[in-house]
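Chains, contacts and geometry: an overview
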Amino acid sequence: MFSKKVDISLEEISKIFGALDENAALIEKAFDVTMKLTGEEFTVKGDEENVENTLVLISKLKKAPSVDKNRIRLYIDMIKSGNASEIESLNNDVVAITARGKQIVCKTLGQRAYVKAIRKNTVVFGIGPAGTGKTYLAVALAVMAYKSGDIDKIILTRPALEAGEKLGFLPGDLQTKVDPYLRPLYDALNEMFGTDNYLKLIERNIIEIAPLAYMRGRTLSRSFIILDEAQNTTKEQMKMFLTRLGDGSKMVITGDVTQIDLPRGVDSGLKDAVSVLNGVEDISFVTLTDKDVVRHELVQRIVLAYEKQKRNVNE
């Protein structure tokens with residue numbers, strides 16, 4: 001049994017291992033080690049490689065802006081896959097800053113690849129399960145593009161079809177009917193700009209949030225345009241949307257091809273675009289996976305369970 005002392009303060013132990021040492025159990029299980037605090041001496045015991053990996057993890061967590069189970073799992077995955085050296089760059093790449101001064105950073109390698117693709121390309125497709133930050137990060141980058149003067153307008157849209165509901169059966173006028181579909185976009189923008197600034201930008205039509213049907217016949221120049229829930233577009237809607245692109249604009253299309261709510265026999269515009277546009281210059285496709293889920297840890301397990309069921313059915 002290999003054993004090594006760790007240079008760590010009581011304050012750092014409290015930060016890393018949390019209340020009742022709940023994070024310690026996660027680390028011990030991941031690397032098959034035993035960690036022990038005796039007086040002011042902290043030791044890690046186990047196979048030499050596992051102990052060394054644990055020490056690397058602790059050193060990275062010391063420098064982390066905050067520590068929670070999601071961050072610990074991410075760092076563990078990165079260390080096990082040989083990507084420990086990329087952890088600092090992940091922490092230091094600030095995507096945006098919210099109205100309250102909170103820094104938005106990528107929490108996974110997949111998210112970082114997604115952000116890099118958006119910064120580099122004119123059109124980006126972000127495809128992946130719920131909880132991977134597809135829409136949130138796109139909105140954050142749109143806000144930064146507006147604040148830096150790169151674009152004049154932020155346009156967010158999504159098809160008004162979801163979970164089998166039809167707009168005609170919902171009460172109220174058109175705006176009332178579409179609001180529930182657009183709520184995630186409202187929430188993200190509100191966090192980035194702050195309520196007062198957000199409402200002023202809406203009034204000045206600098207921020208436009210509308211159903212996909214409202215995009216028809218327009219040319220969108222110097223705009224950052226986000227199409228959310230794109231798996232529920234038809235092939236015709238997707239083509240219509242993509243051809244709205246004007247000078248100085250950027251488009252981000254997000255969706256989850258496992259959550260298609262279109263009527264039976266109607267092909268998804270998102271799935272069609274993947275096959276039609278793959279390889280076209282200045283268009284990038286980024287696939288996020290369960291490893292990129294940053295919501296509650298149970299969400300990741302739910303995604304994995306459904307993926308496992310799908311594989312079993314296909315086999």
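Residues numbered from 1 in each chain as written. Predicted model: local features only at pLDDT ≥ 70, side-chain atom pairs only at ≥ 80, totals over all residues. Heavy atoms only, no water.

1. Examining the overall build of the protein chain
Which entries qualify depends on this criterion: Only DSSP runs of H or I covering at least 4 residues are called helices, and only runs of E covering at least 2 are called strands; the numbering of each starts at the N terminus. In this scheme, a residue with accessible area under 20% of its type's maximum is buried, one over 50% is exposed, and one in between is partly exposed, where area comes from a 1.4 Å probe on protein chains only. By definition, residues are in contact when any of their heavy atoms lie within 4.5 Å. Only the protein chains shown count as cover for residues, and the accessible areas themselves come from Shrake-Rupley with a 1.4 Å probe.
Looking only at helices and strands, the protein chain features twelve helices and eleven strands. Looking at the protein chain as a whole, 46% of its 315 residues are labelled buried. Taking as baseline every contact in the protein chain between residues at least 6 positions apart, the subset at least 24 positions apart corresponds to 68%. As displayed, the protein chain offers around 16,700 Å² of accessible surface, 50% of which is attributable to carbon and sulfur atoms.

2. With respect to the pattern of salt bridges
In a structure, side chains of opposite charge can pair up when their charged atoms sit close to one another. In plain terms, the rule: Salt bridges are defined by distance alone: a side-chain nitrogen of Lys or Arg within 4 Å of a carboxyl oxygen of Asp or Glu.
Under the definition given, this model contains 13 salt bridges. Arg158 is the salt-bridge partner of Asp228, the closest N and O atoms lying 3.6 Å from each other. Of this pair, Asp228 sits in the loop between β9 (223-227) and α10 (235-242) while Arg158 sits in strand β7 (residues 153-158), and the two are 70 residues apart along the sequence. Just as Asp228 is buried, Arg158 falls in that class too. Where Arg158 meets Glu229, a salt bridge forms, and the shortest distance between an N and an O atom there is 2.9 Å.

3. Brief notes about the sheet that holds β7
Note the following rule: In this scheme, strands are said to pair when DSSP sees at least two bridges between them. Here the axes come from fitting lines to C-alpha atoms, over the contacting stretch only for helices, and the angles between their N-to-C directions go from 0 to 180 degrees.
If you trace the six strands from one edge of the open sheet to the other, you get β8-β7-β9-β10-β6-β11, paired in parallel fashion. At either end of the open sheet lies a strand with only one pairing partner, and these are β8 (207-211) and β11 (283-287). Between one strand axis and the next, the sheet turns by 15° as a mean value, whatever way the strands run. In this sheet, β9 lies alongside β7 in parallel orientation, the contact comprising five bridges. Residue pairing for β9: Lys153 is matched across the bridge by Ser223. The strands touched by α10 within the sheet are β6 (123-127), β7, β9 and β10 (250-255), with β10 carrying the most contacts at an inclination of about 155°.

4. Describing the pairing of β7
Burial of β7 is extensive: six of the six residues sit out of reach of the surface. Burial along β7 is two-sided: Lys153, Ile155 and Thr157 and Ile154, Leu156 and Arg158, pointing in opposite directions, are all buried. Relative to β8, β7 runs parallel, the two being bridged by five bridges. Opposite Ile154, over in β8, you have Ile207 as the bridge partner.

5. Topic: the sheet that holds strand β3 (residues 41-46)
Taken in spatial order, the three strands make up an open sheet running β1-β3-β2, and their pairing is antiparallel. What marks the edges here is a single partner per strand, and that holds for β1 (2-6) and β2 (34-38). In this sheet, adjacent strand axes meet at a mean angle of 25° when their direction is disregarded. Judged from the five bridges that link them, β2 and β3 form a sheet pairing that is antiparallel. Residue Lys36 lies in a different strand from β3, and its bridge partner there is Thr43.

6. Quick look at the side chain of Lys250
To be explicit about the condition: Positive charges come from Lys and Arg, negative ones from Asp and Glu, while His and the chain ends are left out of the count.
Position of Lys250 relative to the elements: it lies in strand β10. Asp282 is the oppositely charged side chain nearest to the buried, salt-bridge-free Lys250, at an N-O distance of 6.8 Å. When neighbours within four sequence positions are excluded, Lys250 is seen to be in contact with Ile118, Arg119, Asn121, Thr122, Ser223, Phe224, Ile225 and Leu245.

7. Some details on unusual backbone geometry
Positive phi values are uncommon outside glycine, yet Arg222 reaches one of about 45°. Within the fold, Arg222 resides in the loop between β8 and β9. With a phi close to 75°, Asp282 is a non-glycine residue in the positive phi region. Mapped onto the elements, Asp282 comes out in the loop between α11 (269-277) and β11. Relative accessible area serves as the criterion here: at 34%, Asp282 is assigned to the partly exposed category.

8. Notes on the side chain of Gln111
Test applied: Definition of a polar contact: a pair of N or O atoms within 3.5 Å, with one able to donate and the other able to accept a hydrogen when the atoms are protein atoms, and with sequence-neighbouring residues admitted only if both atoms are side-chain atoms.
When you line up the elements, Gln111 lands in helix α6 (residues 109-120). Side-chain polar atoms of Gln111 contact the backbone oxygen of Thr132, separated by 2.9 Å. Sequence-distant contacts of Gln111, defined by excluding residues within four places in its chain, comprise Val105, Cys106, Thr132, Gly133, Leu137, Leu288, Asp292 and Val294.

9. Section: a nonpolar patch on the surface
The line we're drawing: Without a salt bridge and with relative accessible area above 30%, a residue can belong to a patch; like charges are then joined within 9 Å and nonpolar side chains (Val, Leu, Ile, Met, Phe, Trp, Tyr) within 5 Å.
A grouping of Leu298, Ile302 and Tyr306 is seen on the molecular surface, where their side chains present a nonpolar patch of about 320 Å² in accessible area. The residue Leu298 is located in helix α12 (residues 297-314) in this model. Look at Leu298 and you get partly exposed, because its relative accessible area is 41%.

10. Brief notes about the pairing of β3
As judged from the five bridges shared by β1 and β3, these two strands associate in the antiparallel manner. Note on β3: the bridge partner recorded for Val6 is Phe42. Counting the residues that bridge the hairpin from β2 to β3 gives two residues, and of these Gly39 lies at a positive phi of roughly 65°.

11. Concerning a negative patch on the surface
Here is the rule: In this description, the location of a charge corresponds to atom NZ of lysine, CZ of arginine, CG of aspartate or CD of glutamate.
A cluster of acidic side chains, namely Asp32, Asp47, Glu48 and Glu49, defines a negative patch on the protein surface. Within the element layout of this structure, Asp32 appears in the loop between α2 (22-31) and β2. For Asp32, a relative accessible area of 58% gives the class exposed.

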